[in-house]
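Take a look at the letters that make up each chain.
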Amino acid sequence: MQYEFELVPDFWVMRRIPADTPKVASYEVECFKKIDNSYCTVNVAYDNGDSFTLDGRVNVNDISKKWTVCAFCATTGANILLRLK
């Protein structure tokens, strides 16, 4: 089954000077299963040409019943949050 995701904006710069960070150009979620606390892989390409393979964790919000994938790379600090449409 093919799932569609939307990118959740990463905006946490309250009381900080916004950094000129690269923006996500594209992403692809592999091995996604609609199972809470399961793992998947997310391939991310940024607008500056960098690309990373991130380890993702699938979560479901118990109240809103919305599914999300939070993915990160421990060595580079790259992260992304995706919500299932």
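One structure accompanies this document, and this report is about it.

A look at the overall build of the chain
Of the regular secondary structure elements, the chain holds zero helices and six strands. Moving toward the C terminus, one meets the helices and strands of the chain in the order β-β-β-β-β-β. Taken along the three principal axes of its C-alpha coordinates, the chain extends 35 × 30 × 20 Å. Looking at the 85 residues of the chain, the share that counts as buried comes to 26%. A fraction of 36% describes how many contacts in the chain between residues 6 or more apart in sequence connect residues 24 or more apart. Each charge class in the chain can be summarised by its mean position, and for the 10 positive and 11 negative side chains these summaries are 9 Å apart.

Points about the sheet that holds strand 6 (residues 79-84)
Across the sheet, which stays open at both edges, the six strands sit in the order 1-6-5-4-3-2 with antiparallel pairing between neighbours. In this open sheet, the two edge strands, each paired with only one partner strand, are strand 1 (5-7) and strand 2 (24-30). Geometrically, the sheet is characterised by an average inter-axis angle of 30 degrees between neighbouring strands, direction not taken into account. Bridge analysis of strand 5 (residues 67-72) against strand 6 gives five bridges, and the strand direction is antiparallel. Within strand 6, the residue paired with A71 across the bridge is I80.

Details of the nonpolar core
Among the nonpolar cores identified, the biggest contains 17 residues, and V42, L54 and V69 are the most heavily contacted of them. Of all the secondary structure elements, the ones that give two or more residues to this core are strand 3 (39-46), strand 4 (51-60), strand 5 and strand 6. Ranked by the residues each element gives to this core, the list is headed by strand 3, at four residues. Those residues in contact with V69 that lie beyond four places of it in its chain are F5, F32, C40, V42, G56, R57, V58, I80, L81 and L82.

Here's the deal with the layout of surface pockets
Of the volumes computed, that of the second largest pocket is approximately 200 Å³. Considering the residues around the second largest pocket, the lining is formed by M1, Q2, Y3, F5, Y27, E28, V29, C31 and F32. Of the residues forming the lining of the second largest pocket, the biggest block, three residues, is contributed by strand 2. Counted by class, the lining of the second largest pocket contains seven nonpolar, one polar and one charged residues.

Description of the pairing of strand 6
Successive side chains on a regular strand alternate, one facing one side of the sheet and the next facing the other. Side-chain alternation along strand 6 places I80, L82 and L84 on a buried face and N79, L81 and R83 on a face that remains uncovered. Relative to strand 6, strand 1 runs antiparallel, the two being bridged by three bridges. Pairing of E6 across the sheet is with R83, part of strand 6. Here strand 5 folds back onto strand 6 in antiparallel fashion, the turn holding six residues, of which G77 has a positive phi close to 85 degrees.

Conventions and cut-offs
- Along each chain, residues carry numbers from 1 onward, in the same order as the chain's sequence is written.
- In keeping with the model being predicted, local features are shown solely for residues with a pLDDT of at least 70 and side-chain atom pairs are shown and tallied solely at 80 or more, while totals for entire chains, interfaces and linings include all residues.
- In computing side-chain values, all of the structure's heavy atoms are included and hydrogens and water are not.
- Runs of H or I in DSSP of at least four residues are treated as helices and runs of E of at least two as strands, each being numbered from the N terminus.
- Partly exposed describes any residue whose relative accessible area lies between the buried limit of under 20% and the exposed limit of over 50%, with all areas from a 1.4 Å probe on protein chains only and scaled to the type maximum.
- In this analysis, two residues are considered to be in contact whenever any of their non-hydrogen atoms come within 4.5 Å of each other.
- Positive charges are assigned to Lys and Arg, negative charges to Asp and Glu, while His and the chain termini are left out of the count.
- Every charge is mapped to an atom, namely NZ of Lys, CZ of Arg, CG of Asp or CD of Glu.
- Only strands joined by at least two bridges in the DSSP assignment are considered to pair.
- Between N-to-C directions, angles cover 0 to 180 degrees, with each direction set by a line fitted to C-alpha atoms, over the stretch in contact for helices.
- Residue types Ala, Val, Leu, Ile, Met, Phe, Trp, Tyr and Cys, when buried and joined through side-chain atoms within 4.5 Å, form a set referred to as a nonpolar core.
- Within this scheme a cavity is a closed region of a 1 Å grid, computed over the protein atoms alone, that accommodates a 1.4 Å probe without allowing it to escape, whereas a pocket is open but has protein on both sides within 12 Å along at least five of seven lines; lining residues each have an atom within 4 Å of a point.
- Grid points are joined across faces, edges and corners, and a volume is the space filled by probe spheres set on the points.
- Basically, the charged four are Asp, Glu, Lys and Arg, the nonpolar ten are Ala, Val, Leu, Ile, Met, Phe, Trp, Tyr, Cys and Pro, and anything else, Gly included, counts as polar.

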